[in-house]
Structures are given as structure tokens and as C-alpha cells.
Amino acid sequence: MRIKLIYIGIILLSIYFLFPLYVLLLLSFSPAKYTIQRVYPLLYFKSFTLGNLQFAFHCYDFIHPFLKSLFVAFLVGILALLLGIPAGYGLSRLPAKISYPILVLLLITNMVPGLVVAIPISVEFIKLGLFDSIPGLAFAQELITLPLATFILQGTFSAIPREIEYQAKIDGASTLSYFINILLPIASPGIASAFLISWMFSWDEFTYAVILSPIHPTLPVEIYINITRGNVLAASAFSLVFTIPVIVLTLFLQKYLKGEYLTGGIKA
Amino acid sequence: MKQNLKYFLFTLPALIYVLAFAFYPSAYAVYLSFLNSAGHFTLANYEELFYFNFACSVENTIIVTFGALMIQLFLGLAIASVLTREFRGKKFFSTLVIVPMGVATIVAAIVFSFIFQTYGGYANSFLHLFGLKGINWYSNRWMDLLVVMISDSWKNTPIVTLILLAGMQSIPKDLYYAAALDGAGPIRRFIHITLPNLKKFIAIALIIRGVSEFNIFALPLVLIGYHPSLLTTLAYELYSTTTVNEASAAAVILLAFISVFIFLNIRLGGGRK
């Protein structure tokens, strides 16, 4: 009896999690007369069409926003590693008395609302010529991903025994060669997940993007603009193409997306 | 000591970066919020917020934060406790649960706007299927906020689930066996073993989600627009229609609320080791 109840719960939850994605598929691949033009849109595929997608990609600019999102996301991921690896390493080796306040500070900056930061930054960026640019947006988004990346890397490096480092030093390795030949390879799963989480965050980010890059938008902003202009089918077609790669990525890298990573930094 | 300095220098670039991009703009926002368009000191920006029904935005923001946190915590606990046991299709289900994490917020917002439409909405199609009448999902403020909470919870329950699952897996199985031997049923085991051991993880989930919930922006923007407004949508509306100074005033209020939240967290969680 109890087992049955659990299965009913699981099925209901599965529907809850899948239904929105199913709706996205319906909108993208059904003719509009079965979806947005009905009082009660159909809940199943009556006929299948690629027309919506063709129409959307033919009539609206997809490529530029897509490329912008892609470049910004890679820049954010690379910056997160460039700044986060040394920071994570330093924090993992500092005594808790020093590293804990720094981690709290990072956590606090992570909580500063995007809007609060973005509005004054937009004023400043206009002066600096960074407004609406790829690096400008990446710099701003980095604010949120860098603390996360640092938490993940700090946790990863902490798990590596310091004896290995001492041994390497005794064997005559410089700090740099220890870093490149020993530390980074051992820490590669953590590094991969720091990069990925940064990348995914930037890919999804909306607040900074809409304020700092409104003229040549990223894909999320482009989708939003299409919705406000009533280009509903374009918005859903873009949404679909925007979503599929990340879902595939999420499933593929499921093992890196662990609760431990999210809690690791704060537990210290 | 010298060693510590070396390690500190490693962290310095990231620290400077974060401070430059968080503290300086925040201070600048406070400064801007007290200026009028001629660059003189004024309190008018804050006074004018009241014309935009600002008190109501604060209230809405708090309601959404609280409501969404409750939904996510409830679902997260339910799903995590299901995932700690063995059953057929577990692998499939645990994969499924994580999927919304990969869906962008804006996409979630748009799909849910199609689901919760009064005319041509999939939620109403669903009700229609069972012979029920369609509901006007935007008939009043409470419904509007509920739509936002549900949509947001779809996207963010996975994170809460992952954190709680990590917590549940850290609880020693022996405790459950011992309690079961003593005759404690599943509900009592949940209340007396799972919940107390999970406290720290629940706190972490609430901190992480609570702050983002206060900042929730793209979802309400797409789903309900500017009315009823939240603090973020109000600030954005002011940013795009009036002056930077007025938008800054709304943003500063948002910052003030977040600061209180952070302060409470550090005070309450400060002893956490």
C-alpha cells in the first residue's frame, strides 16, 4: 500500500517536471491553430510541423544573439577559472581563521542583487565604452559566478592532501610546476564543474544582460524581446533551441552537479 | 606567517575583483539615489517611490519569497526522501528531477506564461480535460503571485532537492535501523531523525534560495509584467521609464532588504561549523 502511494507521488511529480517541457515541444512543433489560437489548446500532437521553426529562424535574428550568449558564457567560464583557481587554492591552504571571513565576504557579494549592481554599472560602462559589449557583460556576470567557482575550487583543493605538495617540494618541484603537473590534474573534476556552473549561469543570466546589453542582446533577452513584441512562435522556437543543448549538458554532467558542491563552501 | 601571506596573495585578485564589482557599484547606487537630475542632493527619489505603490511591491516581494521557499522546501524534502530509497525507475526519476536546472529562467517564464493563460492556456486545457471550467489565473493579486511562485518553484526545486539529498545521505543509516527496532514509524523517524540532522542543510538551502527569491526578476517580468510589481520589476520599470536616480532608490531599498536578510543569516548561522 505504501509503495503504491509512493509511486503515485513519483508519477505526479514526474508530470509536474515534464509538463512544461512537453508544452514547449507542443508549441514549437504544432501548427498555431492547435496551440496559441485555441481557447483550450490541444494537449497532444494532432499534426506535426517544422513551419514554426523555419518561420522563426527565417524572419528573426537568432544567430547574433546566440553567438553573443556563447562568447559571453565562455569568457565568464574562463575568467572564473583564471581568478578562481588561485583564490580557491589560497583559501584551501589558509587557516580557517583567515579563510572563513573571506568565504563569508564572497558569499555576501554573491547575494548583492543584480539590479543594484547593474544600474550604476551601466552608467559607468557607457563612459568606458563597455556598454553593450561582450567583455562588459562578462565582467558583470563574473561577479556572481566567481564566488561560486571559488567555493567549488576551494572545496576541491581542500580535499587534496597537503602531503602531496610537501613531497613535490622535496622532490624539487617549483610551485608552478606542482600546480600544473600535480594539483590541476587531480582537481580536474572540480575545475570542470566550476567552469560548467559559470558557463551555465552566464548562458541563463537575464538581469545584467537586459540592462547592460539591450541593443545587441544575448539570447535570453532576445527571447524576452520577442515575447513583448508578440512574436510568440519565434520566442518558443528560440526557447527550444536555447534549452536543448543545456538539458543535454545537464544530463551528461549530472555527476558534477552535486549538492555537496553547493554546500561545500559554506560548511567550512 | 610568511606562508599565509603567500596564500593570501593568491586570493587577492579574486577578492579585489569581487569588491570592485559589488561594493563600489552598491555604494555608487546609494549615492545616485540621493541625487536629482541636476546632480544635487535630494530625498525626492525616495518620496516619489510612494507614487508607484512601493509599499505594495515590498509586500509582494516578501510574499513571493516566503511562498516560493515553502513550496520548494516541501517538494525538495519529499523528492529527496523518495530518492534515498530504492525503487524501480529511480535512475530515471533522479535524472528527471534535475532537468529544470538546465532550463533557462527566461524559458521557464515563457513556457509558464503559456501554461497559465486565461485564453489559450495549457493549465486550463488540463482542467477542461477533467470537465472543469477554466480559471482566470490573473484575476487578483494573490493569483498573480501564486503563478509566479509555482513557476519559480518548478525551476528551482532541483537545487533545493540536491542540497537536501546531500544532507540526507550524510545521515548514518544505523540511526534509522535503531529507531525502526524501537518501533518508530516512518513519520516519526522523519520528524525525529531526518529533520534534526538535516537542519544545517535546510538552512543552507534557505539562504541560497531565499536571497535569489528576493531578486526574482525575469519570471515576474514575463508572467505578470509590472502589475502587481515586485521590488525588482519596480526598479526595472523606473530604470526604463524615468531616471537612473529613481531606479537607484528602488534598488537601494532592495539592497537594504537583502542586507537585513544576510545579517540575520550570519547572526543565526554564524556559530555553524
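None of the values given here were measured: they were computed from a predicted structure. (Residues numbered from 1 in each chain as written. Chains lettered and ligands numbered in written order. Predicted model: local features only at pLDDT ≥ 70, side-chain atom pairs only at ≥ 80, totals over all residues. Heavy atoms only, no water.)

## Here we look at the UniProt feature "transmembrane region" (unreviewed entry) in chain B
The UniProt record annotates "transmembrane region" (unreviewed entry) at residues 7–31, 51–80, 92–116, 201–227 and 247–266 of chain B. The span residues 51–80 of chain B shows a helical share of 90% and a strand share of 0%, and its end C-alpha atoms are spaced 45 Å apart. (UniProt positions renumbered as here; feature names shortened; annotations may be inferred. Helix = DSSP H or I, 4+ residues; strand = E, 2+ residues; numbered from the N terminus.)

## Overview of helix α11 (residues 231–241) of chain B
In an α-helix, one full turn covers 3.6 residues, which means residues spaced three or four apart are oriented alike. Counting buried residues in α11 of chain B gives nine out of eleven residues, a clear majority hidden from the surface. Of all the positions in α11 of chain B, only L231, T232, T233, L234, A235, Y236, E237, L238 and Y239 of chain B are classed as buried. (Buried < 20%, exposed > 50% of the residue type's maximum accessible area, 1.4 Å probe, protein only.)

## Points about unusual backbone geometry
P228 of chain B follows H227 of chain B through a cis peptide bond whose omega is -5 degrees. Among the structural elements, P228 of chain B can be located in the loop between α10 (218–223) and α11. Unusually for a residue other than glycine, D132 of chain A sits at a positive phi of about 65 degrees. Turning to its location among the elements, D132 of chain A is positioned in the loop between α5 (114–128) and α6 (134–158). Take D132 of chain A: its relative accessible area is 12%, and that puts it in the buried class. For N53 of chain B, which is not glycine, the phi dihedral falls at a positive 55 degrees. Relative to the elements of secondary structure, N53 of chain B occurs in the loop between α2 (44–49) and α3 (54–83).

## Things to note about the UniProt feature "domain: ABC transmembrane type-1" (unreviewed entry) in chain A
UniProt tags residues 66–253 of chain A as "domain: ABC transmembrane type-1" (unreviewed entry). Secondary structure across residues 66–253 of chain A comprises 85% helix and 0% strand; the distance between its end C-alpha atoms is 22 Å.

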